[in-house]
Number of protein chains: 2
Amino acid sequence: MTDRDTRQILLTPGPLTTSDTVRRAMLHDWGSRSPAFIEMTARIRDRLTALAGGADSHVCVPVQGSGTFAVEATLGTLVPRDGKVLVLSNGAYCRRMVRILEIIGRACETCETAEDTPPDPAEVARRLNADPAITHVAAVHCETTSGILNPVEEIAAAVAQAGRALILDSMSGFGALPLDLAATPCQAVIASANKCLEGVPGLGFALIEKGALAAAQGNAHALSLDLHDQWITMERTGQWRFTPPTHVIAALDRALDELDAEGGVPARGARYRRNCDVLRAGLREMGFALFLGDNLQAPVIVTVRMPRDPKFDFDRMYRRLFERGVVLYPGAVTQEKSFRVGCIGRIDETDIRRALHEIAEAVAVMGVDRAGLTPAERAG
Amino acid sequence: MTDRDTRQILLTPGPLTTSDTVRRAMLHDWGSRSPAFIEMTARIRDRLTALAGGADSHVCVPVQGSGTFAVEATLGTLVPRDGKVLVLSNGAYCRRMVRILEIIGRACETCETAEDTPPDPAEVARRLNADPAITHVAAVHCETTSGILNPVEEIAAAVAQAGRALILDSMSGFGALPLDLAATPCQAVIASANKCLEGVPGLGFALIEKGALAAAQGNAHALSLDLHDQWITMERTGQWRFTPPTHVIAALDRALDELDAEGGVPARGARYRRNCDVLRAGLREMGFALFLGDNLQAPVIVTVRMPRDPKFDFDRMYRRLFERGVVLYPGAVTQEKSFRVGCIGRIDETDIRRALHEIAEAVAVMGVDRAGLTPAERAG
């Protein structure tokens, strides 16, 4: 949307395309104990909590590192050593939560569905009623493995009904998918600076229910990932426990200004939805088959079934587009071969149309025609 | 050294002043799986290993987060669950290692000296001979608590002689203090992008002996902080396991160019030594008393004894200098009240003289005279 001719368009689940102004916010050095930086940290924490309607109920605890660091920190801080987690699993990020729980020694079970199938809230209710040892349910808002939108409102209602706590990984949804903590009870929501908030990577955060966080002292398995300790220090001094990524934080502060200027979460979600709709229509028109139906597709990233025509060569298409400033992403679903095209970040419909144009040219250069892309015709 | 009139001079242990060109390296968005970014990661890892003469013996494993994340990751990855660590402690960063070891459940003991006293290598040898259960020794190169330079060469020799492994936190020394892994055996050396390397914060790393790292599978207490797993993935794919702080990494790549251009570690160390000498001479001339003697002072950060004259108000001086673009740092030694003035980062003698001038003015404005600053006269 700026510098259109020279910039890269990152159609990935992150790192994403950011605005020039967000990147330029990194041109200043900040002392991490200076009053202005302390104010910036407080402002960001308040704004992030408010984005999900959690100002009265939740606090924002940021943590250095990638989104996974924030997920691990939240699980380790909130799930007590004798707790047990039911993980609703339909993709790689759910499976990563299971791996974390195994490493940090917390009991867990999975409620697994296929990668194109959302968890069933009734089944979640059944599992919770059957096992009173389960203290927490962990779920992913949008699984970027496939791009699926999971039904968090219904899941949250089932978990609340059973008197358990929900930990929601909304990494790739927060800031674009609607989430109201007053209506959708979550003990914690986890996200990062570098997805729909359109900051740069280096920082994750969790919005955590105040009472649950206050009760979490001593749970954490790691000093660096102890969100209770991070919170206590921040409340007491306004400062981070350990050197914060000051430039990344300044970029997020600016990115939140730009989110406000755009019209907040509804406007951002609408832009991504438009990107997604244009992308899906264009891909289908070329003959590509999409992994998810429209009803399951979050406006975040689209999984495209890999054409079986031997003339179609994804690596060749990837390199060709890369040279032209458009970056695609490999597939991640395990059921079949695929590639992915993202629709979040500082990009709009014009960028998506440009990417579609490049994809069409790449397909033509490879000599793949529509019949080679469409599974129905392939099967015939 | 650029933009001299408008920039802040951060005289802290970090975040530090960086060059305009290092910050401008953050103006581009990188896809983390793109070939160019994969090359950048490999280049940085090789350059960091080479800086300490470890190209044949060690590998560099970077990790997202602050320096403490890298310290915790290294301890958790290299010290097996039944290992035992002797921590040589004379400041807050040694104490933080003890806290990490307690949290992650590794046995540890401390060999403690006062904050103005380096560990005694003979005592280290005695402790190692007396306790065969000790597998590792952990030490800090320069303790920024006080600014003391610990005798790492002698410590490394004592540890090697006893057949144990040394883990060295060289956070605030790496890139400026000489360190040759061929002559100073370390199983691991830990540092960050944002100290003497003059990158921006958000990234730490460890240089780890290849054999020790290969043997460390399954040790780590946390997925995010598992350097064995991070290494295996990087060697296999060239990529980071989890979203890397791409802009921070690009800044470090540029910062390493600038380190080379300056003349490498010897030239950078010489600039900091000059900064430190000018700073110490100027502070003494004003009547300030310094916590460490010249023989113990690393050219990193200087601890200044707090004048007891009630007219001297550190917070007032801090604010006054802050408004003038010079950022000091509070003290950290526990033995007495103090404040600190750093001499690392993209600053030179001219910046130090400017800071001294501002300090002199602040002291004059408060009505503190030389007699009020000098402890000998205070005692009289």
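Small disclaimer: the values here were computed from a predicted structure and weren't measured.

## Comments concerning the pattern of salt bridges
Enumeration according to the criterion identifies 58 salt bridges over all chains in this entry. The partner of B:Arg23 in a salt bridge is A:Asp29, with the nearest N and O atoms 3.2 Å apart. Taken together, the residues B:Arg23 in helix 1 (residues 20-24) and A:Asp29 in the loop between helix 1 (20-24) and helix 2 (35-51) connect one chain to another. Close ionic contact of A:Arg268 with A:Glu198 constitutes a salt bridge, the shortest N to O distance being 3.5 Å. A residue pair is termed long-range when its members are at least 10 positions apart, and A:Arg268 in helix 10 (residues 264-286) and A:Glu198 in the loop between strand 9 (188-192) and strand 10 (203-209) qualify at 70 residues. Note on accessibility: A:Arg268 and A:Glu198 belong to one class, buried. It is possible to trace a salt-bridge network through shared partners that takes in A:Arg43, A:Arg47, A:Asp253, A:Asp257 and A:Asp260.

## Description of the sheet that holds strand 11 (residues 301-305) of chain A
All names here are of chain A. One open sheet accounts for three strands, arranged 11-14-13; its pairing is antiparallel. Looking at strand neighbours, the two that pair on one side only are strand 11 and strand 13 (329-330), the edges of this open sheet. Alignment of strand 13 against strand 14 (residues 338-342), held across two bridges, turns out to be antiparallel. Counterpart to Tyr329 in the pairing with strand 14 is Arg340. Contacting strand 11 and strand 14, helix 10 runs over the sheet at an angle of about 10° to strand 11.

## Comments concerning the interface of chain A and chain B
At the junction of the two partners, chain A supplies 54 residues and chain B supplies 54 residues. Taken over both partners, the interface formed by chain A and chain B buries close to 4,300 Å², and the fraction arising from carbon and sulfur atoms is 64%. The three residues of chain A that bury the most area against chain B are A:Asp29, A:Phe69 and A:Leu223, which together make up 15% of that side's buried surface. Counting the contacts that link chain A with chain B gives four salt bridges. Scanning the region where chain A abuts chain B turns up 14 residue pairs in polar contact (both at pLDDT 80 or more). Elements with a contribution of two residues or more to the side of chain A that touches chain B: helix 1, strand 2 (58-64), helix 3 (67-78), helix 4 (92-104), helix 9 (246-262), helix 11 (314-323) and strand 13 of chain A. Per element, the largest residue contribution to the side of chain A that touches chain B is five residues, and it comes from helix 4 of chain A. Class assignment of the residues belonging to the side of chain A that touches chain B gives a composition of 26 nonpolar, 19 polar and nine charged.

## Brief notes about the confidence of the model for chain A
All names here are of chain A. Residues of chain A with pLDDT of at least 70 account for 97%, and the chain-wide mean is 95. pLDDT under 50 marks residues 1-5. Its contacts with residues more than four places away, or in other chains, come to 13 contacts. Confidence estimates for the predicted assembly give a pTM of 0.96 and an ipTM of 0.96.

## Quick word on the packing of aromatic side chains
All names here are of chain A. Using the criterion set out here, one finds 17 aromatic pairs over all chains in the structure. Measuring from centroid to centroid gives 6.2 Å for Tyr318 and Phe322, while their planes differ by 15°, and the two rings are stacked. Of this pair, Tyr318 and Phe322 are both found in helix 11, four residues apart, which corresponds to roughly one turn of the helix. Neither Tyr318 nor Phe322 differs from the other in exposure class; each is buried. Three or more aromatic residues joined by ring pairs make a cluster, and in this case those are Phe288, Phe312, Phe314, Tyr318, Phe322 and Phe339.

## Concerning the environment of B:Val140
Along the chain, B:Val140 falls in strand 5 (residues 136-140). B:Val140 sits in the buried class, given a relative accessible area of 2%.

## As for unusual backbone geometry
Of all residues except glycine, most have a negative phi; of all peptide bonds, most are trans. Cis geometry is found at the peptide bond from A:Gly14 to A:Pro15, where omega equals -5°. Not every positive phi belongs to a glycine, and A:Glu198 is a case in point at roughly 65°.

## Description of helix 5 (residues 121-130) of chain B
All names here are of chain B. Inspection of helix 5 places Val124, Arg127 and Leu128 among the buried residues, and these make up the whole buried set. Around the axis of helix 5, the buried residues are gathered within 100° of arc, so they sit on the same side. Among the exposed residues of helix 5, those oriented more than 90 degrees off its buried face are Ala122, Asn129 and Ala130. Looking at the buried side of helix 5, the elements it contacts are strand 3 (84-89), strand 4 (107-112), strand 5 and helix 6 (152-161).

## So, the relation of the copies chain A and chain B
Between the two copies, chain A and chain B, the superposition gives an RMSD of 0.0 Å; the rotation angle is 180° and the shift along the axis is 0.0 Å. Taken together, these values place the two copies in the relation of a two-fold axis. Taking C-alpha positions as reference, the residue of chain A nearest the rotation axis is A:Gly65, located at 2.3 Å. Interface overlap between copies: 100% of the residues of chain A at the interface are likewise at the interface in chain B, consistent with a symmetric, same-surface contact.

## Topic: the environment of A:Val265
Residue and element names in this part refer to chain A. Mapped onto the fold, Val265 is located in helix 10. On the basis of relative accessibility, which here comes to 15%, the residue Val265 falls in the buried class. Distance from Val265 to Ser338, taken between C-alpha atoms, is 30 Å for residues 73 residues apart in sequence. Setting aside residues no more than four positions away along its own chain, Val265 makes contact with Leu51, Gly175, Ala176, Leu177, Pro178 and Leu259.

## Side note on the environment of B:Gly372
Its place among the elements puts B:Gly372 in helix 13 (residues 370-373). You can call B:Gly372 buried: its relative accessible area is 8%.

## Describing the packing of helix 9 of chain A against helix 10 of chain A
Residue and element names in this part refer to chain A. Remark: helix 9 packs on helix 10, axes separated minimally by 7 Å, with the N-to-C direction vectors making an angle of 85°. Between helix 9 and helix 10, the angle falls in the class roughly perpendicular. The residues of helix 10 that touch helix 9, namely those facing Glu258, Leu259, Asp260 and Glu262, are Gly264, Val265, Ala267, Arg268 and Arg271. Across the contact of helix 9 with helix 10, the residue classes break down as three nonpolar, one polar and five charged.

Reading the values: the criteria
- Residues numbered from 1 in each chain as written.
- Chains lettered and ligands numbered in written order.
- Predicted model: local features only at pLDDT ≥ 70, side-chain atom pairs only at ≥ 80, totals over all residues.
- Heavy atoms only, no water.
- Salt bridge = Lys/Arg side-chain N within 4 Å of Asp/Glu carboxyl O.
- Helix = DSSP H or I, 4+ residues; strand = E, 2+ residues; numbered from the N terminus.
- Buried < 20%, exposed > 50% of the residue type's maximum accessible area, 1.4 Å probe, protein only.
- Pairing = 2+ DSSP bridges.
- Contact = heavy atoms within 4.5 Å.
- Axes fitted to C-alpha atoms, helices over the stretch in contact; angles between N-to-C directions.
- Buried area = accessible area lost by both parts, 1.4 Å probe.
- Polar contact = N/O pair within 3.5 Å; in protein donor to acceptor, adjacent residues only side chain to side chain.
- Nonpolar A, V, L, I, M, F, W, Y, C, P; charged D, E, K, R; others polar.
- pLDDT = per-residue confidence, 0-100.
- Phe/Tyr/Trp six-rings, centres within 6.5 Å; stacked < 30°, edge-to-face > 60°.
- Arc of directions from axis to C-beta.
- Least-squares fit on C-alpha atoms with pLDDT ≥ 70 in both.
- Parallel < 35°, antiparallel > 145°, perpendicular 65-115°, else oblique.

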